[in-house]
Every structure is written in structure tokens, then in C-alpha cells.
Amino acid sequence: MPTPDEIWQDADLPTRRLAGLALNPAAPLEVLLHLLAEAPLAVRMVLCRDRVLPSAVVDAVIAHPDHRTRSFFARNPHVDPAQRAQLLNDPHWFVRAHLAEGPGPEYDGPPLPDDAVVHMINSYEQEHLGGALYRQFSLGVRRSMPTHPDPKVRAWGVGMWTWLPAGTRAALLTDPDDEVRSRAQRHLREEDPVWVESVLPDRPCHGRTDILMHRALSRAVVDAVLTAPAGPQDRSMIAGNPTLPPDVVRLLAADPDPEIRAEIAGRTDLGPVERRTLAADPVPDVRRAITRHPDLSPAERQALATDPDPGVRLAVSVHPAWSEEERAGIDYAVPLDGLFLFCPEPLTPPDPEAVRRDALSGHPMLRRNAARVHTLPADLVARLAVDDDLGVRVLLAQNHPDAPAALLLRSFLEYTGHQRDRLLTRPHFPIDGLAVHADDEDPAVRALAARDPKVPQAAVERLTRDPDPAVRAAFARHPNLPSSRLADLLDDEELVHHAAANPALPAPVIRALVSTCAGSADGE
């Protein structure tokens, strides 16, 4: 079965023109229905996957006889998830699998309806329930899973073990359902240092790394790592383990390896999801600068605060025991080349007082913590939106639902890292006034100007010949593109797809193009 990329690569020019018409917001309903019924697979793929659809077209997609066509709609990130959920009981496994996978591994849009999620967990094939299904859970479902009345849902909730309060854990350990109880017991077993020691591999491997970093360590394992490590990274691995004994914390705080000292200075006790999020940061010391280990004495903290390694000083500088005055006396430097990404809301709501304290701190790393909070109050949003730290501003723009328009635009102009384009999807991203960026040296910013409806015709035409392909594509869709240039692009091998999506095409022209292209487009 061809992949979506292969389907598109095999599409000829008439087919790509039809695909562009399928995306055109000016395309009449009957044209969309005709393309869905009669057009080649590449056109149906674009129509069902890449745009919002009228309800009549959604109904026709759900009833379409081709399972591949329905599967494209199952992964459409633009439509209401409740519309996708109409495929919940699709007769073909391929469609159900794509619905469970969702729009993609980085999807952070609206979740599937809660009852649809429960239905999937209860009735879908197990191999189709992995991947990115969890990204389609609502926060309410995630929080309710460990105590959900449905045992299959509770079994999923056991996976949140590290966040669960003692009472919830105890209930899961005695759950009437065998699978729930078994999963809970497995998690409890991983907190038993004796059992962990019994399964610790004696050679460097992923399993050993996971245990040394995250599992409960016996004193025998810790001593073996200190005296006879199996690999050169063993000491740094245990330095971040939250079960490390206080005397070993103090020992490693003076380790000659600055990476180990930084790990000790920045001990993190976050759960697996937060660990994975922080692991995306390319600066190791930043990953370690979120929570501080409580076993460091004032003298040890002071020694780390004057460590010759800048990463160690940065890691210890956000220890919660410092006063703001003491923290300001540490010679640290916060890197600006990190990845400032969207962070899902945590299962446990943050303490409002702690969030406010972080937001008002003089330390950029603590203000970055606050900027990630989706429920940050309006006064702190206004304050952090004009913060002098790039990371604070971009994290606020990426995560707060009411991030102001000026902040979103400034963040896009200044931040060039991963998920930059996500800023364009934020609800308050501005449109007016972007034409001033049409000659920017950054092609992503030049393409941004295409969102402004007031770009002059001459500039639009010129930018369809821009050296950058993304800029050319963006302006081929601009409604101010002169009609003569638009006509030329409808026969352009590269830009026909984008030109055909231009809303300046009148409905009669769209109908005529569909009639003309239908006879020459590739069949299946």
C-alpha cells in the first residue's frame, strides 16, 4: 500500500491542480462532493486530510466506500475531533488504527470525546492503541483514569503510577480487576530495591540506564557503581536518581566530573512525561535545572554555587532553598539557544503561590517554569509577555491560551527553534500589518507576510518568484495575486497545487477547471 508521500509523488499536474481546488475555500459544495466521489486518490487524500470540511462533505466521507479515503479523514488535524469520532466503529481496521493514531506525534489540538476514548480502550485491537493515542485524551480523562469505573480505563491509569497519591495506589493494588491489580503490582515491584537489583543488567545497555536513572536503588547497587562501574556513565546516571542516599549525594557533589556535580546540583524528581519533555532540551544543564535535591546542606550548595563549571552554577542557582538575594549573587548564565516548546498540562495542577513566586523571580529559569503554566493569571501573563528573556516569552506564547497577539508575532520573529511554526496556529496570531515583512531576509518571515490580505499586488507577484519554495507557495495562494500570474501558475509544475487553492478563483472558473482536469487526471 503506497504511503501518503508516494501517493503525492505519483500525482501528475492535472491531479495536483484538482488537489489544490479541493483545498480552495471558495470551492462550492457540489465541487467538493464531486471531487470526493470521482477524483483520484491523491485529491481525496488532500481533501479529507488537509482542511476543514462542510458537514455535508463530512457525511459523505464517513460513508465513502474506499477505506483509504476514510483513513485520511481519521487523521485530519483541522476538523472537530467529534467529526473524526464518527469513524469510531468503522468496519476496516486500517481506519480504526488511523483514528487511534490521530493527526500525528506532535498533535496538541482538541481531544477526542471522552466516550470515544473509553470505547477505543474497550474494543480496539491492542496493537492499535499505542502510538499517539494518549495525545488525544482530554485532561479530564487523564486525571480520571486511575479511578475510572471502567476497569480497562483504570488499567491505563496505572501507568500514571509515579503521580498517584498513596490512597489511589493502595486502591489499585487491591483492585477487583486482575489486570489492574497485576499492573499496579508490577509498578510497586519496581520500587523494591531488592527486586531492582535482581534484574539489573551487568553491562551497559538501555535497561541498565533506565534502572540506574529512575528505579529504586539498593545500597549494594550504589556502592557497586561507585567502586566498580560497568560503564563510564554509571556515576552520572545514578546522580540523577531520586532514591540516591544523602551521603552519596554529598559525595557526588564534590565529584571531579562537572557533569556529575551539575546533575547533583540539579537533581530532578519529575515523572516520566516531564523527564521526556525536558530531555528534548539540547543543553544538559538546563535539563537539570528544574527541581533541587533537598539533601544538599547550605555549605554544599555554596560550594556548588562557586563551582568552576558554569553548568554546575546554573543548575544549583535555582535550588528552592536560596533566597532571591542569595540567588542573585550566583554567577550563572542562562542559555538562549534552547528549545522552547509546548508542554501539556500536568495531571496535578500547579500550586498557584509557587507559580506566582516563580513568575516574580529574578531568575529566568524560574520565570520559564511559570511561563509554561496554561492557567497563569492575566496579570502574570501581561508581565511575562514583556519579559527580557527570550525563553520566557516564547514559552508563554507556546503554552498560554490567551497569549497576546504582539507576543506571538514577536516570538515568531525572534525564535527560530523547533515548533516555531506552531506559533502561527495560536488563536490570537495577528494578520494585519504583516506586509511590512515581505522583504525580510528570513524566508519564514517573508512567508509570514502572505497572511496579510493587504499585501500590494506587485509584491505578491514578485514573491511568487522568491528564491525560497515556501515563500513562493505561500504567495501563490494570496488573493491579491494578479489574475494573469495566477493563470500562469495553474500550469506550473511546482506551484499548481497552491495556485489552484487561491480563493481569488471565481466559482465558475473552479467548476470549469474541475471539468477540464477530471478528464486528464490520473485514474486509480
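Above this text sits the structure in question.
Residues numbered from 1 in each chain as written. Predicted model: local features only at pLDDT ≥ 70, side-chain atom pairs only at ≥ 80, totals over all residues. Heavy atoms only, no water.

In terms of helices and strands, the protein carries 35 helices and zero strands. Taking all 524 residues of the protein together, 50% fall into the buried category. Counted over contacts in the protein with a minimum sequence separation of 6, partners at least 24 positions apart contribute 57%. Carbon together with sulfur atoms contributes 56% to the accessible area of the protein, which is approximately 23,700 Å² in total. For the protein, the distance from the average position of its 56 positive side-chain charges to the average position of its 76 negative side-chain charges is 2 Å. (Helix = DSSP H or I, 4+ residues; strand = E, 2+ residues; numbered from the N terminus. Buried < 20%, exposed > 50% of the residue type's maximum accessible area, 1.4 Å probe, protein only. Contact = heavy atoms within 4.5 Å. Areas by Shrake-Rupley, 256 points an atom, 1.4 Å probe, with all protein chains shown as cover. Lys, Arg positive; Asp, Glu negative; His and termini not counted. Charge placed at Lys NZ, Arg CZ, Asp CG, Glu CD.)

In this section: the pattern of salt bridges. Applying the stated rule across the entire model yields 31 salt bridges. Asp387 serves as the salt-bridge partner of Arg367, at 2.5 Å between the closest nitrogen and oxygen. Of this pair, Arg367 sits in helix 26 (residues 364–371) while Asp387 is found in the loop between helix 27 (378–384) and helix 28 (390–399), placing the two residues 20 residues apart along the sequence. Linking Glu461 and Arg465 is a salt bridge whose minimum nitrogen-to-oxygen distance equals 3.7 Å. Given the relative accessible area of 26%, Glu461 is considered partly exposed. Look at the salt bridges and you will find they share partners, linking Arg44, Asp66 and Arg68 into a network. (Salt bridge = Lys/Arg side-chain N within 4 Å of Asp/Glu carboxyl O.)

Further remarks concern the environment of Val316. Relative to the elements of secondary structure, Val316 occurs in helix 23 (residues 310–316). C-alpha separation for the pair Val316 and Tyr332, spaced 16 residues apart in sequence, amounts to 9.2 Å.

Turning next to the side chain of Arg142. Position of Arg142 among the secondary structure elements: in helix 10 (residues 139–144). No salt bridge is formed by the buried Arg142; the nearest opposite charge belongs to Glu345, separated by 6.5 Å. Among the polar contacts listed, one links the side chain of Arg142 to the backbone oxygen of Glu345, at a separation of 3.1 Å. For Arg142, the contacting residues outside a window of four places in its chain are Phe137, Met160, Glu345 and Leu347. (Polar contact = N/O pair within 3.5 Å; in protein donor to acceptor, adjacent residues only side chain to side chain.)

Residues Leu21, Leu35, Phe73, Leu99, Met120 and Phe475 are the most contacted members of the largest nonpolar core, which totals 82 residues. If one sorts the elements of this core by residue count, helix 4 (residues 41–49) sits on top with seven residues. For Leu35, the residues in contact, after removing those within four places along its chain, are Leu18, Leu21, Ala22, Val43, Arg44 and Val514. (Core = buried A, V, L, I, M, F, W, Y, C linked by side-chain atoms within 4.5 Å.)

Everything listed here is a matter of coordinates, which is why it stays silent on function.
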